[in-house]
Amino acid sequence: MQRRSTLRTPLFALALVALAFAPVSMATAGEVKAPSFSVKGVDGHTVKSSEYKNRPLVVDFWATWCAPCRASMPHLSELQERYAKEGLAVVGMSVDETGPKPVERFAKGLGVKFTIAMANDETLDAFGPIRSIPTTFFINRKG
């Protein structure tokens, strides 16, 4: 079982990268726009979807108590570091109810290199229903 999980994560990362840099002409006429969001970062600043306009964006809903979430975080950090120059951004939205400080400590302990914010009810409703975590969304350059 461990081998299957180990193989799945690099494939997930490869799929995200392929989507992030796919030509914009691949968009279809019935394309759905991603919801906008405004959430508090664990460092206290406001994180808004408008900051990422015209950039590929990965939005990952996660929690500190979620083992699959912990396993994916280093891979998302690697994507952020590797493709930041091409414009890719990763935002991890914690669904933890403990507050931002424990989440921030947890993320720092994992060496996370991407923006961490606290999901709020409005954002969960806009992207949801979020039925399980981790739940990851890719938003292309066109939104």
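Here the structure is shown first, and the text comes after it.
Residues numbered from 1 in each chain as written. Predicted model: local features only at pLDDT ≥ 70, side-chain atom pairs only at ≥ 80, totals over all residues. Heavy atoms only, no water.

Notes on the sheet that holds strand E3 (residues 57-62)
Alright, step 1. Strand order in this open sheet of 6 strands is E2-E1-E5-E4-E3-E6, and the pairing throughout is mixed. A single partner strand is all that each edge strand has here, and the edge strands are strand E2 (46-48) and strand E6 (135-139). In this sheet, adjacent strand axes meet at a mean angle of 35° when their direction is disregarded.
Alright, step 2. Bridge analysis of E3 against E6 gives 5 bridges, and the strand direction is antiparallel. Of the residues in E6, the one forming a bridge with Leu57 is Ile139.
Alright, step 3. Against the sheet, helix H2 (residues 67-83) makes contact with E3, strand E4 (89-94) and strand E5 (115-118), and its axis sits at roughly 160° relative to E3, the strand it touches most.
Alright, step 4. Across the face of the sheet, helix H3 (residues 100-110) comes into contact with E3, E4 and E5 while running at roughly 155° to E5. (Pairing = 2+ DSSP bridges. Helix = DSSP H or I, 4+ residues; strand = E, 2+ residues; numbered from the N terminus. Axes fitted to C-alpha atoms, helices over the stretch in contact; angles between N-to-C directions. Contact = heavy atoms within 4.5 Å.)

Comments concerning the nonpolar core
The tendency in soluble globular proteins is for nonpolar side chains to be buried as a group.
Alright, step 1. With 33 residues, the main nonpolar core has Phe37, Leu57, Val59, Met93 and Ile116 as its most contacted residues.
Alright, step 2. For this core, the secondary-structure elements that each account for two or more residues are E3, H2, E4, H3 and E5.
Alright, step 3. With sequence-adjacent residues up to four places away left out, Val59 is seen in contact with Phe37, Val91, Met93, Phe127, Thr135, Thr136, Phe137 and Ile139. (Core = buried A, V, L, I, M, F, W, Y, C linked by side-chain atoms within 4.5 Å. Buried < 20%, exposed > 50% of the residue type's maximum accessible area, 1.4 Å probe, protein only.)

Comments concerning the environment of Phe106
Alright, step 1. Summarising the element assignment, Phe106 is placed in helix H3.
Alright, step 2. Exposure remark for Phe106: the relative accessible area of 22% places this residue in the partly exposed category.
Alright, step 3. As a C-alpha pair, Phe106 and Ala63 span 43 residues in sequence and 9.9 Å in three-dimensional space.

Looking at the packing of aromatic side chains
Alright, step 1. This model, assessed by the stated rule, comprises 5 aromatic pairs.
Alright, step 2. Ring geometry for Trp62 and Phe106: centres 5.9 Å apart, planes at 25°, overall stacked. Of this pair, Trp62 sits in strand E3 while Phe106 sits in helix H3, placing them 44 residues apart in sequence.
Alright, step 3. Judged by centre distance (5.0 Å) and plane angle (55°), the ring pair of Phe127 and Phe137 falls under tilted. Of this pair, Phe127 sits in helix H4 (residues 121-127) while Phe137 sits in strand E6, placing them 10 residues apart in sequence.
Alright, step 4. One aromatic cluster in this structure is built from Phe37, Phe61, Phe127 and Phe137. (Phe/Tyr/Trp six-rings, centres within 6.5 Å; stacked < 30°, edge-to-face > 60°.)

Some points on the pattern of salt bridges
Alright, step 1. Enumeration over the complete set of coordinates arrives at 3 salt bridges.
Alright, step 2. For the salt bridge of Lys101 with Glu104, the shortest nitrogen-to-oxygen distance reads 3.3 Å. Linking Lys101 with Glu104, this pair stays in helix H3, spanning 3 residues, or about one helical turn.
Alright, step 3. As a salt-bridge pair, Lys108 and Glu104 come within 3.8 Å of each other at their nearest N and O atoms. In this pair, Lys108 and Glu104 both sit in helix H3, 4 residues apart, roughly one turn of the helix.
Alright, step 4. Looking at Lys108, the relative accessible area reads 62%, which means it is exposed.
Alright, step 5. When salt bridges that share partners are traced, they join Lys101, Glu104 and Lys108 into one network. (Salt bridge = Lys/Arg side-chain N within 4 Å of Asp/Glu carboxyl O.)

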